[in-house]
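Coordinates in review
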Amino acid sequence: MKKMLALSLLVVSGAVIAGDGGGDEQPRNKPFVMVDTSMEKDAYPSLANEYINANITMGVKTPSKTEYSVKVGASVKDKYSGSDELSNNIELKIKQSFDIGTFFLPYVALRLGEKFNYTATHFTHYAFDAGLKVPMTEKLALDVGVRFRNAFNAIDYSGKAIDYRSTRVHAMALYDFDKSNTVGLRYTQSDSKNYTEERKGWRIHYQRNY
């Protein structure tokens with residue numbers, strides 16, 4: 001985890017420095033901080049677990065519409081059959097938006113993370129995102145997209161493989177109070193082959209842009 005955190009912070013720090021305009025007249029990289037919390041529930045009735053998640057994300061946006069960010073967080077799994085279970089996660093994300101001259105803004109993203117939970121000492125996971133940001137008014141926008149996620153060699157404490165594959169769709173409303181403050185409300189629904197990652201959930205976040 002320490003190596004993953006160090007690498008993530010190094011990438012973000014380098015992005016802040018690289019290409020940062022030498023004068024006020026030049027485009028500059030813009031740091032941001034985001035905090036979010038969400039509640040999810042297993043979509044498959046026989047599992048019937050609930051999840052409460054909390055994360056903090058630190059990143060930077062470049063003039064070329066590239067984002068580099070690091071997210072750290074925790075998730076509590078509320079098991080109906082017994083005690084709660086805690087897991088932690090750190091994730092590095094690179095996101096590229098494309099200005100193609102239309103009213104909407106398409107984007108793609110790549111994520112790499114490390115998860116520590118009750119069934120495995122830790123495992124590395126990756127994800128691919130694609131979506132569209134659609135302005136509705138000067139302050140309100142709609143973000144819709146899809147995410148595919150999987151893991152490298154995820155095993156539990158008994159040596160059994162963990163199937164972490166899932167495909168998730170989302171729809172999110174974004175409201176800009178001003179250039180520095182944004183809030184978002186997101187609905188997600190994910191599907192997986194063996195149902196263990198099949199969930200529905202809501203997330204709210206606040207982002208501070210600098």
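Every value quoted in this text rests on a predicted model; they were computed, and no experiment measured them. (Residues numbered from 1 in each chain as written. Predicted model: local features only at pLDDT ≥ 70, side-chain atom pairs only at ≥ 80, totals over all residues. Heavy atoms only, no water.)

Moving on, we get to the overall build of the protein chain. For the protein chain, the count of helices and strands is one helix and ten strands. Mapped from its N terminus to its C terminus, the protein chain presents α and β elements in the order α-β-β-β-β-β-β-β-β-β-β. Taken across its 210 residues, the protein chain has 40% of its residues classed as buried. Across the protein chain, the fraction of contacts at a sequence separation of at least 24, relative to all contacts at a separation of at least 6, is 49%. For the protein chain, the exposed surface amounts to about 12,100 Å²; the carbon and sulfur share of it is 61%. (Helix = DSSP H or I, 4+ residues; strand = E, 2+ residues; numbered from the N terminus. Buried < 20%, exposed > 50% of the residue type's maximum accessible area, 1.4 Å probe, protein only. Contact = heavy atoms within 4.5 Å. Areas by Shrake-Rupley, 256 points an atom, 1.4 Å probe, with all protein chains shown as cover.)

A full pass over the atoms with the stated rule returns eight salt bridges. Among the ionic pairs, Glu-197 bridges to Arg-149, the shortest N-O distance being 2.9 Å. One end of the pair, Glu-197, is in the loop between strand 9 (181-191) and strand 10 (199-209); the other, Arg-149, is in strand 7 (residues 140-152), with 48 residues separating them in the sequence. Across the salt bridge formed by Arg-199 and Glu-197, the nearest N and O atoms sit 3.7 Å from each other. Taking relative accessible area as the criterion, Arg-199 reaches 15% and is therefore assigned buried. What makes Glu-197 buried here is its relative accessible area of 10%. (Salt bridge = Lys/Arg side-chain N within 4 Å of Asp/Glu carboxyl O.)

If you check the backbone angles, Lys-65 has positive phi at about 65° while not being a glycine. With respect to the helices and strands, Lys-65 occurs in the loop between strand 2 (50-61) and strand 3 (66-78). With a relative accessible area of 38%, Lys-65 lands in the partly exposed category. The backbone phi angle of Asn-153 is positive, close to 50°, even though this residue is not glycine.

Take it as geometry only, folks, not as evidence of what the structure does.
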